[in-house]
Amino acid sequence: MGTYENLLLSLQEGILTITINRADKMNALNIDTVREIKAAMQQVYDDATIKGVIITGAGAKAFVAGADIAEIAELSEVNARNFAERGQEIFRMIEQCNKPVIAAINGFALGGGCELAMACHMRVATTNSKFGQPEVNLGLIPGYGGTQRLPLLIGRGKALEMMLTGDMISADEAKVLGLINHVVAPEELFTTCETILQKIMGKAPLAIGLVIECVNAVFDKEENGFQTEANSFARCCASEDFVEGTNAFLEKRKPAFRGL
């Protein structure tokens, strides 16, 4: 799976688990770690044996507790813009992946960690998890897409409250708001994520990827989401998986999808 300094990668039964392995730094996202996430996601795009992804953080304290403040403190206006754009590009790569990506959140998901989780397609958190965008405490704003994705997930008013106060919220409140999909006991985190992915992986791969593409189109101002949906529907109808799926339904058997 390649050699990484700040990530651990494990592939089992089609599910790639990407673990941010900086537990002594609360898994803070430094520049090298963000670069490695990009490289790991490129493997996801390129490797047909990978069917789904779990992104998590090492240890029980933090998913990702933010960015590396020592690096941020050195930013100028010019390289800060590049810093933000690079992170946005990599997180968009996660969001636009045609394979399902789940954030397994074990502890703090703050700042860049919350932004990383929001870039994933779904989020499962443990009962002790906390969420927040506390950048205003540093005289900053979220720079990896937080100002854009948080309002889409929880609404404008609550997103503004979180980002303007810098306050953290609990996993239970995050679920009520729609920020996360499930709250589970710590020992159930990975089995829950794996169960969701295994269920998805039993469906038609082309259709799965096109659902993700169509949902992303909802939030793309340059796309006509309804046209994207119609085009994608037509692509499905031209696929072998469509023939297999409809025949299997009519024949009352389980479909054998091949992603074709």
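Residues numbered from 1 in each chain as written. Predicted model: local features only at pLDDT ≥ 70, side-chain atom pairs only at ≥ 80, totals over all residues. Heavy atoms only, no water.

- The name given to the protein chain in an unreviewed UniProt entry is Enoyl-CoA hydratase-related protein, with the source organism recorded as Pontibacter populi.
- In the Sequence similarities (unreviewed entry) part of its UniProt record, the protein chain is described as follows: "Belongs to the enoyl-CoA hydratase/isomerase family." (UniProt positions renumbered as here; feature names shortened; annotations may be inferred.)

Some details on the side chain of K99
- Relative to the elements of secondary structure, K99 occurs in the loop between α3 (77-95) and β5 (101-105).
- No salt bridge is formed by the buried K99; its nearest oppositely charged neighbour, D47, is found at 6.2 Å.
- Here D47 takes part through its backbone oxygen, which lies 2.8 Å from a polar atom of the side chain of K99.
- Those residues in contact with K99 that lie beyond four places of it in its chain are V44, Y45, D47, A48, I50, K51, H121 and I212. (Helix = DSSP H or I, 4+ residues; strand = E, 2+ residues; numbered from the N terminus. Buried < 20%, exposed > 50% of the residue type's maximum accessible area, 1.4 Å probe, protein only. Lys, Arg positive; Asp, Glu negative; His and termini not counted. Salt bridge = Lys/Arg side-chain N within 4 Å of Asp/Glu carboxyl O. Polar contact = N/O pair within 3.5 Å; in protein donor to acceptor, adjacent residues only side chain to side chain. Contact = heavy atoms within 4.5 Å.)

A few points about the packing of aromatic side chains
- Taken as a whole and judged by the stated rule, the model has two aromatic pairs.
- Ring centres 5.4 Å apart and planes at 25° place the aromatic pair F83 and Y144 in the stacked group. Here the residue F83 occupies a position in helix α3, and Y144 occupies one in the loop between β8 (130-132) and α5 (146-154), the gap between them amounting to 61 residues. Just as F83 is buried, Y144 falls in that class too.
- Taking 5.2 Å as the distance between ring centres and 75° as the angle between the ring planes, the aromatic pair formed by F91 and Y144 counts as edge-to-face. Note that F91 is positioned in helix α3 and Y144 in the loop between β8 and α5, a separation of 53 residues in sequence. Pair check on accessibility: F91 and Y144 agree, each one buried.
- Here a set of aromatic residues connected by ring pairs shows up, and it is made of F83, F91 and Y144. (Phe/Tyr/Trp six-rings, centres within 6.5 Å; stacked < 30°, edge-to-face > 60°.)

Side note on the environment of E251
- Relative to the elements of secondary structure, E251 occurs in the segment after α11 (240-250).
- Relative accessible area serves as the criterion here: at 48%, E251 is assigned to the partly exposed category.
- Each C-alpha atom of the pair E251 and A217 lies 35 Å from the other, and the pair is 34 residues apart in sequence.

Things to note about the environment of G145
- Tracing the backbone shows G145 in the loop between β8 and α5.
- Assessed through its relative accessible area of 13%, G145 is described here as buried.
- For the pair formed by G145 and T191, sequence separation is 46 residues and the distance between their alpha carbons is 29 Å.
- What G145 contacts, discounting residues up to four positions off in sequence, is Q88 and E115.

Brief notes about the pattern of salt bridges
- A complete count under the given rule lists ten salt bridges for this structure.
- Measuring nitrogen to oxygen at the nearest pair gives 3.6 Å for the salt bridge that ties E89 to K38. Of this pair, E89 sits in helix α3 while K38 sits in helix α1 (residues 31-46), and the two are 51 residues apart along the sequence.
- Residue classification places E89 among the partly exposed residues on the basis of a relative accessible area of 42%.
- The partner of R253 in a salt bridge is E251, and the shortest N-O contact between them spans 2.7 Å.
- Assessed through its relative accessible area of 35%, R253 is described here as partly exposed.
- A single network of salt bridges, built from pairs that share partners, joins K158, E161 and E173.

Quick notes on the sheet that holds strand β4 (residues 62-64)
- Strand order in the open sheet formed by four strands is β4-β6-β8-β9, and the pairing between neighbours is mixed. The strands lining the two open edges of the sheet, one partner per strand, are β4 and β9 (169-170).
- Two elements, β4 and strand β6 (residues 108-110), share two bridges in a ladder whose sense is parallel. Counterpart to V64 in the pairing with β6 is A109.
- Strand contacts of helix α4 (residues 112-119): β4, β6 and β8, with the helix running at about 75° to β4, the strand carrying the most contacts. (Pairing = 2+ DSSP bridges. Axes fitted to C-alpha atoms, helices over the stretch in contact; angles between N-to-C directions.)

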